[in-house]
Amino acid sequence: MKIDKHIEIVGTNNQRLSAMSTRSRQTILGVLSKHYTRVSITIVDDMADLEKLVARQPDLVVLGMKLILLDPTLGYEDSPKVWLSAYLDDHNIAFTGSGADAMALQLDKHVAKQKVLDAGLQSAAYFISSIVEPTFSHNLTFPLFVKPANRGGSSGIDEQSVVYTNAKLQAKIISLHDKYDSDVLIEEYLVGREFSVAVVEHQVSGKLVAMPIEITAPADAQGNMFLSAAVKEADSEKVIALDDPLLRDTISAFAIDAFEALSSRDYGRIDMRLDAQGVPSFIEANLMPGLSNHGYLFRCLNLNAGTTYDDMILSIVGVSLERSLAGNLAAMNDADTLQSSQLAAA
């Protein structure tokens, strides 16, 4: 027997705004259609599409995008934006993943870093070069790592991202400003091992569970190993589960603390590296992983717990539906309490 729920998987044709591929949407559709009565894919490219989605009042939206641009002719930076999670919240429609405030941090990497630092966790020292007022002065220690402040998927990261001189730093900053029309994040390069940690809410207990993997990229010409756009495109990195229980526990606790510091919920990934002393240091958060059957989120769950792809998708959807049910019950109880108070007062 299928569960009587209306679920829409939402994506966009705008590649800059998309967090879920066409193939992933189709795969998720196949998984959910086996268990729920009404499942479909919806493309939201503008406000009219979003309003139609809300008018259909689905029980749950599986989000594969973060926002829409109200005036795309102005470009990404200057156009007014509507965050889907905030809009759906305002219309009492449940959705997967974190709320708008947490999602916005994913596109402001330096703000996310600062929130993690403010929570007492470690992240590399950094500064920002603004697209409005580029700056190259700093008091950091070389080598430095340079990347766009508001891009994911290793965009803008290449063999010139690790710099050892001010001349190379300036050249890389200017290059990123010109290519991405974006602020640039510059931080002290962490030389240690790299990890990505899935943090997911357990459907039964409601507790956050961390499942880490180690990612090893091929060394570049300078001997540095990091996830560049080329490495990701070639799929040449190695991914393994951790076999050191102490390190696993340390990294898992750090990931959960960072996840909570960013006010995240449901699921996401926290990326980190070890510093020269072997201490975990926050790199960035991905609170809307693409949910592909080859993505790091799935590989974290599969390597650590043997989770199948279907079970991952069903768990994410189940957690979101249960949160929605709990919220509806709480609202009904509040309404009943208010009505009882009004009757008593009368």
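Asker: Can you help me understand the overall build of the protein chain in this one?
Answerer: The number of helices and strands found in the protein chain is 11 helices and 14 strands. For the protein chain, whose C-alpha radius of gyration is 21 Å, the value lies close to the compact-globule estimate of 20 Å for 346 residues. Its C-alpha atoms give the protein chain principal-axis dimensions of about 75 × 50 × 45 Å. The proportion of buried residues among the 346 residues of the protein chain is 48%. Within the protein chain, residue pairs in contact and separated by at least 24 positions form 67% of the contacts whose partners lie at least 6 positions apart. Accessible surface computed for the protein chain: about 16,300 Å², of which carbon and sulfur atoms make up 52%. Taken as two groups, the 29 positive and 44 negative side-chain charges of the protein chain have centres that lie 5 Å from each other.

Asker: Would you mind going over the pattern of salt bridges with me for this structure?
Answerer: Proximity of charged atoms lets side chains of opposite charge pair with each other. The full count for this structure, using the stated rule, is 12 salt bridges. The shortest N-O distance in the salt bridge between Lys172 and Asp158 comes to 3.0 Å. On the criterion of sequence distance, the pair formed by Lys172 in helix 7 (residues 166-180) and Asp158 in the loop between strand 7 (144-148) and strand 8 (162-163) is long-range, its members being 14 residues apart. Judged by relative accessible area, Lys172 falls into the buried class, the value being 5%. Classification of Asp158 by relative accessible area gives partly exposed; the value is 29%. Between Glu194 and Arg273 there is a salt bridge, and its shortest N-O distance comes to 2.9 Å. Here Glu194 is found in strand 10 (residues 194-201), whereas its partner Arg273 is found in strand 13 (residues 267-274), with 79 residues between them in sequence. For Arg273, a relative accessible area of 7% translates into the label buried. Where salt bridges share partners, they join Lys109, Lys113, Lys147, Glu187 and Glu284 into one cluster.

Asker: Explain the packing of aromatic side chains to me, please; I cannot follow it from the model alone.
Answerer: Ring pairs (aromatic) are described by centroid distance and by the angle formed between their planes. Tallying each qualifying case throughout the model produces three aromatic pairs. When the ring of Phe145 is compared with that of Tyr189, the centres are 6.0 Å apart and the planes differ by 20°; the resulting orientation is stacked. Within this pair, whereas Phe145 is found in strand 7, its partner Tyr189 is found in the loop between strand 9 (184-188) and strand 10, the two being separated by 44 residues in sequence. Exposure remark for Phe145: the relative accessible area of 10% places this residue in the buried category. Exposure remark for Tyr189: the relative accessible area of 12% places this residue in the buried category. Ring centres 5.8 Å apart and planes at 80° place the aromatic pair Phe298 and Tyr309 in the edge-to-face group. In this pair, Phe298 is assigned in helix 10 (residues 296-305) and Tyr309 in helix 11 (residues 309-345), connecting sequence segments 11 residues apart. The burial state of Phe298 is the same as that of Tyr309; both residues are buried. Over the aromatic face of Tyr76 sits the side chain of Arg16, whose NZ or CZ is 3.7 Å from the ring centroid. Against the face of Tyr76 rests Lys81, its NZ or CZ located 4.8 Å from the ring centre.

What counts as what
- Residues numbered from 1 in each chain as written.
- Predicted model: local features only at pLDDT ≥ 70, side-chain atom pairs only at ≥ 80, totals over all residues.
- Heavy atoms only, no water.
- Helix = DSSP H or I, 4+ residues; strand = E, 2+ residues; numbered from the N terminus.
- Rg over C-alpha atoms; globule rule 2.2 N^0.38 Å.
- Buried < 20%, exposed > 50% of the residue type's maximum accessible area, 1.4 Å probe, protein only.
- Contact = heavy atoms within 4.5 Å.
- Areas by Shrake-Rupley, 256 points an atom, 1.4 Å probe, with all protein chains shown as cover.
- Lys, Arg positive; Asp, Glu negative; His and termini not counted.
- Charge placed at Lys NZ, Arg CZ, Asp CG, Glu CD.
- Salt bridge = Lys/Arg side-chain N within 4 Å of Asp/Glu carboxyl O.
- Phe/Tyr/Trp six-rings, centres within 6.5 Å; stacked < 30°, edge-to-face > 60°.
- Lys NZ or Arg CZ within 6 Å of the ring centre and 35° of its normal.

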